[in-house]
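# Breakdown of the fold
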Amino acid sequence: MNRKQKKMFIRICIAIVMLVLVNIVKKINPFGLDGVAYLVVYGILYAAIYVEIGYDILRKAFKGIINRRPFDECFLMAFATIGAYAIAIYERTGDYNEAIAVLLFYQIGEFFQSYAVGKSRKNISELMDIRPDYANVEVDGQLEQVDPDEVEIGTIITVQPGEKVPIDGIVTEGSSSLNTSALTGESVPREVREGDEIISGCINMTGVLRIQTTKEFGESTVSKILELVENASSRKSKSEEFISKFARVYTPAVVYSALALAILPPVFRMLILGQPAMWSNWIYRALTFLVISCPCALVISIPLSFFAGIGGASHEGILIKGSNYLETLSQAKTVVFDKTGTLTQGVFEVTGVHDNTMEEEKLIEYAALVECFSSHPISKSLQKAYGKEIDRNRVSDIEEISGHGVCGKVDGHQVAAGNIKLMRKLNIQCNDCDSTGTIIHIAVDGTYAGHVVISDVVKPNSKQAIAQLKNSGVEKTVMLTGDAKRVAEKVASELGVDEVHSELLPADKVSQVERLLSEKGSEKDKLVFVGDGINDAPVLTRADIGIAMGAMGSDAAIEAADVVLMDDDPLKIAKAIRISRKCIGIVYQNIAIALVIKFGCLILGAFGIANMWAAIFADVGVMIIAVLNAIRALMVKNL
Amino acid sequence: MKKTYKIEVDCANCANLMEETTKKVAGVAGATVNFMTQKMSVEFAEGADPKAVMQAVLKACKKVEPDCEIEL
């Protein structure tokens, strides 16, 4: 509790104690007061409680009058309670509890709101507690803690175990494991060694690291993320805009109907029916209207739900750039994927060795050696599969036959490595392979020695991710790729993707997305594009929602996308959609609860069934329910 | 030009009122008040002096919500 809240809490306690005491005294009536004296003495005692609990409301109400704001909340509250007080005096019931209770509950409600909002704001900021407080810079052999903002590019900083990495950079000394859970939601630590890039916001767990910074603090990952999440709730959603518009109309409408309720029925009764007017009865009903007229419950619950949803998502490594995107994401019906780097690893690996007449390692060794002068990705993956240092002295007489492959001498043996055309050209008998991917046939000394299959590997979670998307209500999944048709279709059928378009240039991807956008059933069905953020920025912007994945440290992706996944796990896509659905669900529940109860109480109040106690529930009770419900949006861990 | 200011406001509807009011102040091209992060970002019209404009904004906001604060 802050100072303001503590003060309010004490005031509320005093008011409750005073109210109970005065009520007991009034019941016993020890001095035997009656008649006018009874009314005046207790009237003054109750007035004292009224002022104690409501002086700030009275003050603000007074300011409201001066500033000519008739729909000011405090003014309405003050008016309603003073009115109820006056009626109690006028009717000589001596029941002033109602007016005081309305104010008391109003204050309790405000107190609760301020406490709950402050608490959840703190919780959410703790979830995003990645801001480093200092950086260790070596000055004259001594480590000094300086403000990360003051560290220049290229400075060597030291990060001790247990500290946060303050600025992006490259490790120059030491090795350690990093806890990246605050950034990615991933609990498995990441290993770093000398020469590795390192991203700010991670926590160094085991060893001392010396890092040469490559960015300023303001440009570092951690600053970018914090800025993004903090600004996210400023981009308002449609439901938020609807509610603020509604609030603008709601209060005046209720106040005018209160005015009508106070004047029209009594006049009608007097003039037309010829019955007594019952002014005080109708005025009381009008006053209950004023209590219900405050729109705060509606207005608070919606930004709070979105804020909680965005905070919870960011804790899971899903950064959503605005409430509006969260809302759109919840309506996702079509999900379009880029293949390479999104559903597949994006790195080519040797996935099989077939028909080999010698040991696998030997075959790969020959292939790697003969291809060692090529910079093609294929040659890189062969070298990676070989795993040892390449001794180029063992290779001679290299001849590259374009479109076919490579011939050369390795350790004195004549080696040919290439596609099936090369084998045919050299008159070597071989079988075609039906594995997807790139096939490298190898012949040693003129005889066939086997072939190596190199392909892009599907991510382990991709299949499950597609299945989960289907379960969360996505109707269509589409894969777009620049890859060959055969490879694309194999991957698509393996993963269970509905539609696949292959051999596309980047511009074709945009036109495919545009076609899918125009084919959508209704405006409400949204299209999501998921890419790895590299060279698909145009598509990311064209789709209703662009999701970039594996974006840790990639500025371009953070810039172009609406939702950023910090790691490259495709399961997070379905999770993001589920979080958005839950959050929007809560927003709609809150709007429905608030409207039903408020209008219910207004109708009952007009017929004289609901009294002020019901009205105060419609105001404060609804707000408390809405705030508690909104906080549920934060709980997304097991979604 | 866009600038962000820290604010203090207690209720969500008051924050909305502040946003409305700020948008109407001369020299302000656009404004968003974020109740959750207690921040106000103001987009100034071309040629407007942010300092003078913000004084007017504060005055206008005090009128709709006497308890609000804007850290200038």
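Every residue gets a number counted from 1 within its own chain, in the order that chain's sequence is written. Chain letters start at A and ligand numbers start at 1, both assigned in the order the entries are written. Totals for whole chains, interfaces and linings use every residue, but because this is a predicted model, local features are given only for residues with pLDDT of at least 70 and side-chain atom pairs only at 80 or more, for both listing and counting.

### Regarding the overall build of chain A
Our working definition: Secondary structure follows DSSP: runs of H or I at least 4 residues long count as helices, runs of E at least 2 residues long count as strands, and numbering of each begins at the N terminus. Here the globule rule reads 2.2 Å times residues to the power 0.38, and the radius of gyration is calculated from C-alpha atoms. Here a residue counts as buried when 20 or more other C-beta atoms sit within 10 Å of its C-beta, as exposed when there are 12 or fewer, and as partly exposed otherwise, the C-beta atoms being derived from the backbone. Contact criterion: two residues are in contact if their C-beta atoms, reconstructed from the backbone, are within 7 Å.
A count of helices and strands for chain A gives 21 helices and 22 strands. In terms of C-alpha radius of gyration, chain A reaches 36 Å, well past the compact-globule figure of 26 Å for 639 residues. Taken along the three principal axes of its C-alpha coordinates, chain A extends 125 × 70 × 40 Å. Out of the 639 residues belonging to chain A, those deemed buried represent 43%. In chain A, the share of contacts with a sequence separation of at least 24, taken over all contacts with a separation of at least 6, comes to 66%.

### Concerning the overall build of chain B
Of the regular secondary structure elements, chain B holds two helices and four strands. Each helix and strand of chain B, placed in order from N terminus to C terminus, yields the pattern β-α-β-β-α-β. Expected size for 72 residues packed as a compact globule is a radius of gyration near 11 Å; at 11 Å, chain B falls within 12% of this value. Dimensions of chain B, computed from the C-alpha atoms along their principal axes, are close to 35 × 20 × 20 Å. Evaluated residue by residue, chain B yields a buried proportion of 40% over its 72 residues.

### With respect to the sheet that holds strand 10 (residues 318-320) of chain A
All names here are of chain A. For the record, the criterion: Whether two strands pair comes down to DSSP finding at least two bridges between them. Here an axis means a line fitted to C-alpha atoms, over the contact stretch when the element is a helix, while the angle between two N-to-C directions is reported on a 0 to 180 degree scale.
Strand order in the open sheet formed by seven strands is 10-22-21-20-11-18-19, and the pairing between neighbours is mixed. Looking at the sheet topology across the chains shown, the edges are occupied by strand 10 and strand 19 (499-501). The sheet shows a mean angle of 20° between the axes of neighbouring strands, taken without regard to direction. Direction of pairing for strand 20 (residues 526-531) relative to strand 21 (residues 545-549): parallel, over a ladder of four bridges. Counted as the bridge partner of V530 is I547 from strand 21.

### Comments concerning helix 1 (residues 12-24) of chain B
Put simply, the test is: By this rule, a helix spans an expected 1.5 Å times one less than how many residues it contains.
With 13 residues, helix 1 of chain B ought to run about 18 Å at 1.5 Å a step, and its terminal C-alpha atoms sit 19 Å apart, in line with that. Residues A12(B), N13(B), C14(B), A15(B), N16(B), L17(B), M18(B), T21(B) and T22(B) constitute the buried set of helix 1 of chain B. Where helix 1 of chain B is buried, its residues contact helix 7 (238-273) and helix 9 (296-315) of chain A together with strand 2 (28-34), strand 3 (39-44) and helix 2 (50-64) of chain B.

### Here's the deal with the interface of chain B and chain A
Across the contact, 14 residues belong to chain B and 18 residues belong to chain A. Looking at the side of chain B that touches chain A, the element that brings in the most residues is helix 1 of chain B, giving three residues.

### Here we look at the confidence of the model for chain B
Residues and elements named next belong to chain B. The test is simple: Confidence of the predictor at the level of single residues is captured by pLDDT, which takes values from 0 to 100.
The share of residues in chain B with pLDDT of 70 or more is 100%, and the mean pLDDT across the chain is 88. Of all helices and strands in chain B, the one with the weakest mean pLDDT is strand 1 (residues 2-8) (87), whereas helix 2 scores best (90). Overall fold confidence for the complex sits at a pTM of 0.80, while the interface term, ipTM, reaches 0.82.

### Observations concerning the sheet that holds strand 1 (residues 135-139) of chain A
All names here are of chain A. The strand order 2-1-3-9-4-7 describes an open sheet built from six strands, whose pairing is antiparallel. Two strands close off the open sheet at either side, each with one partner strand: strand 2 (142-146) and strand 7 (197-198). Of the strand pairs in this sheet, strand 3 (residues 156-159) and strand 9 (residues 209-213) are connected by four bridges, and their pairing is antiparallel. Across the sheet, V159 pairs through a bridge with L209, a residue of strand 9.

### Details of helix 20 (residues 571-606) of chain A
Between its first and last C-alpha, helix 20 of chain A extends 53 Å over 36 residues, near the 52 Å set by a 1.5 Å rise per residue. Positive backbone phi, at 80°, marks G608(A), one or two positions downstream of helix 20 of chain A.

### Considerations on the packing of helix 9 of chain A against helix 1 of chain B
This is how the line gets drawn: The cut-offs work like this: below 35 degrees is roughly parallel, past 145 is roughly antiparallel, 65 to 115 is roughly perpendicular, and the gaps in between are oblique.
In the contact formed by helix 9 of chain A and helix 1 of chain B, the axes pass within 7 Å of each other and the chain directions differ by 85°. Considered as vectors, helix 9 of chain A and helix 1 of chain B are oriented roughly perpendicular to each other. The segment helix 9 of chain A lies against helix 1 of chain B, with C296(A), V299(A), I300(A) and P303(A) engaging A12(B), N13(B) and N16(B).

### Notes on the packing of helix 9 of chain A against helix 20 of chain A
All names here are of chain A. Convention followed: Crossing chirality is assigned from the near helix's rotation relative to the far helix, an anticlockwise turn below a right angle marking it left-handed and a clockwise turn marking it right-handed. Gly counts as polar in this scheme, as do all residues outside two lists: the nonpolar Ala, Val, Leu, Ile, Met, Phe, Trp, Tyr, Cys and Pro, and the charged Asp, Glu, Lys and Arg.
Helix 20 packs onto helix 9 with a crossing angle of 170° between their chain directions and a minimal axis gap of 10 Å. The angle between helix 9 and helix 20 falls in the class roughly antiparallel. Crossing angle aside, the handedness with which helix 9 passes helix 20 is right-handed. Contact residues: A297, L298, S301, I302, S305, F306, G309, G312 and A313 in helix 9; A576, I579, C583, I586, V587, N590, I591 and A594 in helix 20. Among the residues forming the contact of helix 9 with helix 20, the class breakdown is twelve nonpolar, five polar and no charged.

### Comments concerning the nonpolar core
Residues and elements named next belong to chain A. Note the threshold: The term nonpolar core refers to a group of buried residues, namely Ala, Val, Leu, Ile, Met, Phe, Trp, Tyr and Cys, whose C-beta atoms join them within 7 Å.
Grouped together as the largest cluster of nonpolar side chains are 166 residues, with contacts concentrated most on I547 and V563. Here this core takes 13 residues from helix 20, the largest share from any one element. For V563, the contacting residues outside a window of four places in its chain are I318, L319, I320, K321, Y325, L329, I545, I547 and A576. Among the nonpolar cores identified, the runner-up in size contains 28 residues, and I364, L422, M423 and V444 belong to it.

### Digging into unusual backbone geometry
Residue and element names in this part refer to chain A. Unlike most non-glycine residues, N427 shows phi in positive territory, near 60°. Relative to the helices and strands, N427 resides in the loop between helix 14 (420-425) and strand 16 (438-444). If you check the backbone angles, D445 has positive phi at about 50° while not being a glycine. Relative to the elements of secondary structure, D445 occurs in the loop between strand 16 and strand 17 (447-458).

### Section: the pairing of strand 20 of chain A
Residues and elements named next belong to chain A. Counted residue by residue, strand 20 has five buried out of six residues, so it is predominantly covered. In the sheet, strand 11 (residues 332-338) pairs with strand 20 via five bridges, with the strands oriented parallel. Of the residues in strand 20, the one forming a bridge with V336 is F529.

### A few points about the pairing of strand 1 of chain B
All names here are of chain B. Bridge analysis of strand 1 against strand 3 gives five bridges, and the strand direction is antiparallel. Bridge pairing links K3 to V42 in strand 3. The pairing of strand 1 with strand 4 (residues 69-70) spans two bridges and is classified as antiparallel. Looking at strand 4, one finds that I7 is bridged to I70.

### Focus on the environment of I390(A)
All names here are of chain A. By secondary structure assignment, the location of I390 is in the loop between helix 13 (377-386) and strand 13 (395-401). Each C-alpha atom, one on I390 and one on A262, is 95 Å from the other, the two residues being 128 residues apart in sequence. Apart from the residues within four sequence positions on either side, I390 is in contact with A368, L369, C372 and Q383.

### Some points on the environment of R121(A)
All names here are of chain A. Among the secondary structure elements, R121 is positioned in helix 4 (residues 97-127). For R121, a count of 18 C-beta atoms within 10 Å corresponds to the partly exposed category. Sequence separation of R121 and L304 is 183 residues, and the distance between their C-alpha atoms is 8.7 Å.

### Let's talk about the environment of E389(A)
Residue and element names in this part refer to chain A. Positionally, E389 belongs in the loop between helix 13 and strand 13. By the C-beta count within 10 Å, which is 7 here, E389 ends up exposed. When the C-alpha atoms of E389 and I108 are compared, they prove to be 73 Å apart, with 281 residues separating the residues in sequence.

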